[in-house]
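# Coordinate inspection notes
Letter by letter, the chains look like this.
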Amino acid sequence: MANARQQTENEKGRSVFCELSADDLEPEITEIESLCVECGKNGITRLLLTKIPHYKDVVLMSFDCEHCGYQNKEIQNCSKVAEKGIKIMLQVATSQDLNRQVVKSDFTSISIPHLDFEIPAQSQKGEITTVEGIIDKSITALEQDQPRRHEEFPDTAVEIDLFISKLHALKILDDPFTIVFEDISGNSYVENPKAPIKDNQCIITHFKRTKEQNHLLGIYSDNEDVLLKPIREGEYPLEEIEGEVMSFPTNCPDCNSPCETNMKLTNIPHFKEVVIMATVCESCGHRTNEVKSGGGIEPQGVKIEVTVTGTEDFSRDLLKSETCDMEIPELKLEVGPTILGGRFTTVEGIIAAMKEQLSSSTAFTGDSSDSETVNRMNEFITQLQKVLDGERKITLILDDPAGNSYVQSLSDDGSDDRLKITKYDRNFEQNEELGLNDIKVENY
């Protein structure tokens, strides 16, 4: 009973710890007593809430048992499970790539297609490591029982020795190789050493989880069968809800306190209906504003290019959906769809939001930030400020596979000379990310 009570107290300690922010505790280390899984006696678990540059707050956990010497370390994410899973494909070509910082959760599978090698999800605890660290850990795990295998299963041992030599060869980098991280929780990360400039060696895609994957994460929707039923035509007429502000209860994404989200359906002239959502937390003051399309996914994707030369272009209305990538080629800046979410603002407002996002980035406050990164970020923010001051001409590109993004034209008759709109057919990967490949439209 005493052990069970102690374990419950430890779990409560973890829960309270995760509700705090890094500003409250960093760099304080919290110590709690925990049961050792090896000898069953009490050991010490040390917890540190810290920030990872360009990523988020995480809890580092380290356990040490003075009785049997058992040690363990792992990382836990402080935020909720992401709305989508994440797949990261990294091309490893230099020693700098081997030194890239990697954050992996418990639900991350790692594969090296070149060697037909895979580390299944949930086979290892979440941790902060490097690409080289993942290879070294795999080598150590394979070498662990080799002496016994050589005696009992010599043929298998020889094959494993050959495979270990191939893993060692990866670190020599005679040939570039690809390593793939796939995490259904969406809480994995690979460092971009050139941030905030686009990482051309790393391809990041997001995917919708299946029902089974949601259940694996402990996510269940109430009345799932009801939610899957189609809404009958005319059941919720738009004329009855358009312009009306509706509220529904939710939890703050920062402190998890109960709060309300206000939602309103409105019409953007010459475009379509959109849903504007705003959440304000009275406990911590956190505010979020988000825009979602009210008309579903368009038959084609859209790419919008607007040349920003001054005040007139700054005033253009702009709708960025939650599936839209943004790019400024002159600054080598690319912003993924999840960074700023869906927004209805102006061209000036979206550029200012990017500047604010970079200014508040943990690159300035994270434990592993360095002077080179800080100087590069400062210079980049300076260039964005020059754009906002009208001192630099740029091209703002919005690429939305769902076709739900929009930039206002300054002409009454179609696009003006500084606005280019191109519609295109989505490829298989884009349809997969939008969840369209699994939609059944026949015999429904």
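Residues numbered from 1 in each chain as written. Predicted model: local features only at pLDDT ≥ 70, side-chain atom pairs only at ≥ 80, totals over all residues. Heavy atoms only, no water.

### Some words on the overall build of the protein chain
- The helix and strand tally for the protein chain stands at 14 helices and 24 strands.
- Here the protein chain holds 444 residues, and 37% of them are scored as buried.
- Within the protein chain, contacts between residues separated by at least 24 positions form 63% of all contacts whose residues are at least 6 apart in sequence.
- Split by element, the accessible area of the protein chain, about 25,700 Å² in all, is 48% carbon and sulfur. (Helix = DSSP H or I, 4+ residues; strand = E, 2+ residues; numbered from the N terminus. Buried < 20%, exposed > 50% of the residue type's maximum accessible area, 1.4 Å probe, protein only. Contact = heavy atoms within 4.5 Å. Areas by Shrake-Rupley, 256 points an atom, 1.4 Å probe, with all protein chains shown as cover.)

### Regarding the confidence of the model for the protein chain
- The share of residues in the protein chain with pLDDT of 70 or more is 81%, and the mean pLDDT across the chain is 79.
- The lowest-confidence element of the protein chain is helix 1 (residues 2–19), averaging 36 in pLDDT; the highest-confidence one is strand 10 (residues 177–183), averaging 95.
- Residue range residues 1–26 is modelled with pLDDT below 50. Its contacts to residues more than four positions away, or to other chains, number 33 contacts.
- Confidence drops under pLDDT 50 across residues 223–241; counting only partners more than four residues distant or on other chains, this segment forms eleven contacts. (pLDDT = per-residue confidence, 0-100.)

### Examining the packing of helix 4 (residues 131–143) against helix 6 (residues 154–172)
- Where helix 4 contacts helix 6, the two axes come as close as 10 Å, and the packing angle between them is 165°. Relative to helix 6, helix 4 is oriented roughly antiparallel. As helix 4 packs across helix 6, the resulting crossing turns out to be left-handed. Counted together, Glu132, Ile135, Asp136, Ser138, Ile139, Leu142 and Glu143 of helix 4 and Ile160, Phe163, Ile164, Leu167, His168, Leu170 and Lys171 of helix 6 form the full contact between these two elements.
- Considered class by class, the residues forming the contact of helix 4 with helix 6 number eight nonpolar, two polar and four charged. (Axes fitted to C-alpha atoms, helices over the stretch in contact; angles between N-to-C directions. Parallel < 35°, antiparallel > 145°, perpendicular 65-115°, else oblique. Left-handed = near helix turned anticlockwise from the far one by under 90°. Nonpolar A, V, L, I, M, F, W, Y, C, P; charged D, E, K, R; others polar.)

### Re helix 13 (residues 371–388)
- A rise of 1.5 Å per residue sets the reference length of helix 13, with its 18 residues, at 26 Å; its end C-alpha atoms lie 26 Å apart and thus fit the reference within 8%.
- By the burial criterion, the buried members of helix 13 are Thr373, Met377, Phe380, Ile381, Gln383, Leu384, Val387 and Leu388. When helix 13 is viewed along its axis, its buried side chains cluster within an angular range of 155° and face the same direction. Turned more than 90 degrees from where helix 13 packs its buried face, Ser371, Glu372 and Asn375 sit exposed.
- Of the surrounding secondary structure, the elements contacted by the buried residues of helix 13 are helix 10 (311–314), strand 19 (325–328), strand 20 (333–335), helix 12 (347–359) and strand 22 (394–400).
- Taken from the residues just after helix 13, glycine 390 is the one with a positive phi, measuring 80°. (Expected span 1.5 Å × (residues − 1). Arc of directions from axis to C-beta.)

### A closer look at the sheet that holds strand 19
- The sheet built from five strands is open, its strands ordered 20-19-22-17-24 with antiparallel pairing. Every other strand in the sheet has two partners, leaving strand 20 and strand 24 (419–424) as the edge strands with one partner each. Looking at each pair of strands side by side, their axes are set apart by 15° on average, direction ignored.
- Relative to strand 22, strand 17 (residues 301–308) is paired through seven bridges, and the arrangement is antiparallel. (Pairing = 2+ DSSP bridges.)

### As for the sheet that holds strand 15 (residues 273–280)
- One open sheet accounts for four strands, arranged 13-14-15-16; its pairing is antiparallel. Two strands close off the open sheet at either side, each with one partner strand: strand 13 (245–251) and strand 16 (287–293). For this sheet, the mean angle separating the axes of adjacent strands, direction not counted, is 25°.
- Sheet analysis places strand 15 next to strand 16, joined by seven bridges and oriented antiparallel. When the bridges of strand 16 are listed, valine 275 appears paired with lysine 292.

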